[in-house]
Amino acid sequence: MIYNTLLYYCYSPIANAEQFAADHLAFCKSLGLVGRIIVAEEGLNGTVSGTKEASDLYMAQIKADERFAKTDFKIDEVAEPSFIKMHCRYKAEIVHSGLRDTGIINPNEKTGKYLEPTEFSEMLNRDDVVVLDVRSNYEHNLGKFKNAVTLDIENFRDFPDQIEALAKYKDKKVMTYCTGGIKCEKASALLLHHGFTDVYQLHGGIIKYGKEAGGKDFEGKCYVFDNRIAVDVNSVNPTIVSVCYNCGKTTPKMINCANPECNEHITQCDECGENLQGCCSVECTTHPRKRPYDGTGYYVKVPQQVAKV
Ligand SMILES: [Zn+2]
Ligand SMILES: [Zn+2]
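Residues numbered from 1 in each chain as written. Chains lettered and ligands numbered in written order. Predicted model: local features only at pLDDT ≥ 70, side-chain atom pairs only at ≥ 80, totals over all residues. Heavy atoms only, no water.

Concerning the packing of aromatic side chains
Part 1: Taken as a whole and judged by the stated rule, the model has 15 aromatic pairs.
Part 2: Consider the rings of Phe 20 and Phe 68, whose centres lie 5.7 Å apart with planes at 65°: the pair is edge-to-face. With Phe 20 in helix α1 (residues 17-30) and Phe 68 in the loop between α2 (52-64) and β4 (74-78), the pair connects residues that are 48 residues apart, well separated along the chain.
Part 3: Summarising the aromatic geometry, the rings of Phe 156 and Phe 159 are spaced 5.5 Å apart at their centres and angled 10° between planes, so their arrangement reads as stacked.
Part 4: Members of the aromatic cluster, connected to one another through ring pairs, are Phe 120, Phe 145, Tyr 177, Tyr 209 and Phe 218. (Phe/Tyr/Trp six-rings, centres within 6.5 Å; stacked < 30°, edge-to-face > 60°. Helix = DSSP H or I, 4+ residues; strand = E, 2+ residues; numbered from the N terminus.)

As for the nonpolar core
Part 1: If you look at the biggest cluster of nonpolar residues, it comprises 29 residues, and the most contacted ones within it are Leu 132, Val 134, Phe 159, Leu 166, Leu 191 and Phe 196.
Part 2: Considering every element that reaches this core, the biggest residue donor is helix α5 (residues 182-193), with seven residues.
Part 3: If sequence neighbours within four positions are ignored, Leu 132 has contacts with Val 149, Leu 151, Phe 159, Leu 166, Val 174, Met 175, Thr 176, Tyr 177 and Leu 191.
Part 4: Leu 31, Ala 54, Met 59 and Met 86 belong to the second largest nonpolar core, which has 22 residues in total. (Core = buried A, V, L, I, M, F, W, Y, C linked by side-chain atoms within 4.5 Å. Buried < 20%, exposed > 50% of the residue type's maximum accessible area, 1.4 Å probe, protein only. Contact = heavy atoms within 4.5 Å.)

Some thoughts on the packing of α1 against α2
Part 1: Between α1 and α2, the least distance of the axes is 10 Å, while the angle of their chain directions is 150°. Relative to α2, the element α1 is oriented roughly antiparallel. As for how α1 packs across α2, the hand of that crossing is right-handed. Contacts between α1 and α2 involve His 24, Phe 27 and Cys 28 on the former and, on the latter, Tyr 58, Gln 61 and Ile 62.
Part 2: Residues that form the contact of α1 with α2 fall into these classes: four nonpolar, two polar and no charged. (Axes fitted to C-alpha atoms, helices over the stretch in contact; angles between N-to-C directions. Parallel < 35°, antiparallel > 145°, perpendicular 65-115°, else oblique. Left-handed = near helix turned anticlockwise from the far one by under 90°. Nonpolar A, V, L, I, M, F, W, Y, C, P; charged D, E, K, R; others polar.)

Some points on the pattern of salt bridges
Part 1: One pass over the structure, following the stated rule, counts 22 salt bridges.
Part 2: Put simply, Lys 183 and Glu 139 hold a salt bridge, and the shortest N to O gap is 3.3 Å. Of the two residues, Lys 183 is situated in helix α5 and Glu 139 in helix α4 (residues 137-140); the sequence distance between them amounts to 44 residues. Residue Lys 183 shares its accessibility class with Glu 139, and that shared class is buried.
Part 3: One salt-bridge network, in which partners are shared between bridges, spans Asp 76, Lys 211, Asp 226 and Arg 228. (Salt bridge = Lys/Arg side-chain N within 4 Å of Asp/Glu carboxyl O.)

And the structure:
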């Protein structure tokens with residue numbers, strides 16, 4: 001059986017977003033979809049998986065809603081659904097920037113100019129551009145565009161604090177990119193707000209770039225927020241850029257530390273994975289709740305057990 005995994009977002013005002021989230025969850029469940037969707041007053045952001053039929057129905061329904069008609073779905077064929085359960089949650093923002101209440105950015109009003117994948121690919125090697133990866137450490141450590149500027153951040157909410165350090169690029173064409181495009185809508189808007197004048201964003205992110213530009217000049221793999229952890233995007237000139245956290249050997253493999261309290265995202269080679277049983281350090285191997293290592297380094301989050309009275 002072939003399944004589809006859909007990655008998408010749409011910045012579009014939603015009234016009664018909390019109610020919308022509850023109704024939308026029920027709708028997704030009725031289609032048998034699994035995945036994770038975030039709903040906020042500013043729009044929706046999701047990754048869902050299901051049969052081709054279910055995902056087609058889902059896309060048709062979203063597109064039929066005039067608020068979300070412009071949604072751009074990135075569709076991947078997968079051998080099994082990329083999630084275990086279906087979650088649809090209301091949050092303050094669909095990508096947490098911490099800027100909601102400041103009102104200084106609104107991607108619907110002002111954001112970087114879209115570059116389609118082939119346009120981005122053409123501009124990538126020019127001298128007057130700066131390619132800016134707006135993702136976090138665990139993402140760009142696994143893969144990034146050649147010559148991209150990366151940021152030492154653990155979460156996108158730390159992006160606003162980086163603007164000052166980026167001021168030296170103010171006179172360049174700044175091309176931002178992220179996984180699916182959603183972070184760039186805010187990141188590029190914020191750069192414009194801070195006086196950068198020539199700001200572009202990769203429309204549809206790395207995922208769409210892989211499909212439409214063959215992933216050319218993307219080094220390594222792309223981190224994704226589902227069971228797949230990492231996907232290949234470059235079919236033109238692929239390389240591996242990530243190195244094992246423990247021994248420094250080149251490896252594309254990304255794991256979570258088997259110590260549930262550590263759970264650190266690291267790249268780790270198979271050999272170190274065996275030696276440390278999926279842990280980031282010897283210390284973590286001794287944790288009493290260390291999870292068994294099955295070679296993948298991926299652990300499904302199990303809800304905390306509720307004590308029975
Ligand atoms: Zn190693
Ligand atoms: Zn650890």
